[in-house]
Amino acid sequence: MVTSWQVQQAARVVRAGGVIAYPTEAVWGLGCDPWDEMAVDRLLALKERPVHKGLILVADTIRQFDFLLEDLPERWQDRLASTWPGPNTWLVPHQGLLPPWITGEHDSVALRVSDHPRVRELCALTGPLVSTSANPAGRPAARSRLRVEQYFPRQLDAVLGGALGGRRNPSVIRDLVTGDVRRPA
């Protein structure tokens, strides 16, 4: 895969502890390295989002989540594999393998394997990323780069250009254990 200069630069920013904005399937997202507590704290402060709510992680392939999935029942792994990549976010038991600044007060973590080319390019270089909508709490999710820059003027370390993926709504969120839909598409 040939990676654009802009994606390489955004990946460098993420690896250096930065917070970035990037286009996703339906809305603009904010992201950072999920293992970097200071970066996650900064992202949460920008969004005015409490840590107890937890965050979504996005990846370019299911293999990037192997450390979380390898001990799950095969039927659950098959369920995930049949819906990824795509607009499906699954609440997956985290088994204590992720830091509390990602999982919040939950026993599960929200995971998605994106089908957006820019997100996949970026995650191929960084590994899984935090993926949360680019908006302060209570405001509509940004659907343009201009709105991102209005919401967060000079507060982000990079804004990765590109087009949204053409979906109307953010991904559906389902519980892997129960199959319940927590957020419809």
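Rules used in this analysis
- Residues numbered from 1 in each chain as written.
- Predicted model: local features only at pLDDT ≥ 70, side-chain atom pairs only at ≥ 80, totals over all residues.
- Heavy atoms only, no water.
- Helix = DSSP H or I, 4+ residues; strand = E, 2+ residues; numbered from the N terminus.
- Rg over C-alpha atoms; globule rule 2.2 N^0.38 Å.
- Buried < 20%, exposed > 50% of the residue type's maximum accessible area, 1.4 Å probe, protein only.
- UniProt positions renumbered as here; feature names shortened; annotations may be inferred.
- Pairing = 2+ DSSP bridges.
- Core = buried A, V, L, I, M, F, W, Y, C linked by side-chain atoms within 4.5 Å.
- Polar contact = N/O pair within 3.5 Å; in protein donor to acceptor, adjacent residues only side chain to side chain.
- 1 Å grid on protein atoms, 1.4 Å probe; cavity = no way out; pocket = protein on both sides within 12 Å on 5 of 7 lines; lining within 4 Å.
- Points joined across faces, edges and corners; volume = space filled by probe spheres on them.

**Quick notes on the overall build of the chain**
Then comes step 1: Along the backbone of the chain there are seven helices and 10 strands.
Then comes step 2: Scaling as 2.2 N^0.38, a compact globule of 185 residues should have a C-alpha radius of gyration of about 16 Å, and the chain matches this with 15 Å.
Then comes step 3: Overall size of the chain, expressed as C-alpha extent along the three principal axes, is 45 × 35 × 30 Å.
Then comes step 4: The proportion of buried residues among the 185 residues of the chain is 50%.

**With respect to the UniProt feature "domain: YrdC-like" (unreviewed entry) in the chain**
Then comes step 1: As recorded in UniProt, the feature "domain: YrdC-like" (unreviewed entry) lies at residues 4-185.
Then comes step 2: Counted over residues 4-185, helix gives 31% and strand 20%. Its end C-alpha atoms are 31 Å apart.

**Structural notes on the pairing of strand β1 (residues 20-23)**
Then comes step 1: Alternating residues of β1 divide into Ile20 and Tyr22 and Ala21 and Pro23, and every residue in both groups is buried.
Then comes step 2: Where β1 and strand β2 (residues 28-31) come together, four bridges link them in antiparallel fashion. Opposite Pro23, over in β2, you have Trp28 as the bridge partner.
Then comes step 3: Joining the antiparallel neighbours β1 and β2 is a turn of four residues.
Then comes step 4: Across two bridges, the pairing between β1 and strand β8 (residues 158-159) is parallel.

**Some remarks on the nonpolar core**
Then comes step 1: Judged by nonpolar contacts, the single largest core of 36 residues is most densely connected at Phe65, Leu69, Ile102 and Leu111.
Then comes step 2: Counting residues in hydrophobic clusters, the runner-up holds 14 residues, among them Val7, Tyr22, Leu129 and Ala158.

**With respect to the side chain of Thr89**
Then comes step 1: Within the secondary structure, Thr89 sits in strand β4 (residues 88-93).
Then comes step 2: Within the structure, the side chain of Thr89 is placed 2.6 Å from the side chain of Ser171, a separation counted as a polar contact.

**As for the layout of surface pockets**
Then comes step 1: Its boundaries defined by the atoms lining it, the largest pocket holds a volume of some 590 Å³.
Then comes step 2: Lining the largest pocket we find 30 residues, and of these Arg49, Ile56, Ala110, Ile173 and Arg183 sit closest to its centre.
Then comes step 3: Looking at the lining of the largest pocket, the elements with two or more residues in it are β2, α5 (100-103), β5 (108-113), β7 (132-133) and β10 (181-183).
Then comes step 4: When residues in the lining of the largest pocket are grouped by element, the largest group, four residues, is from β5.

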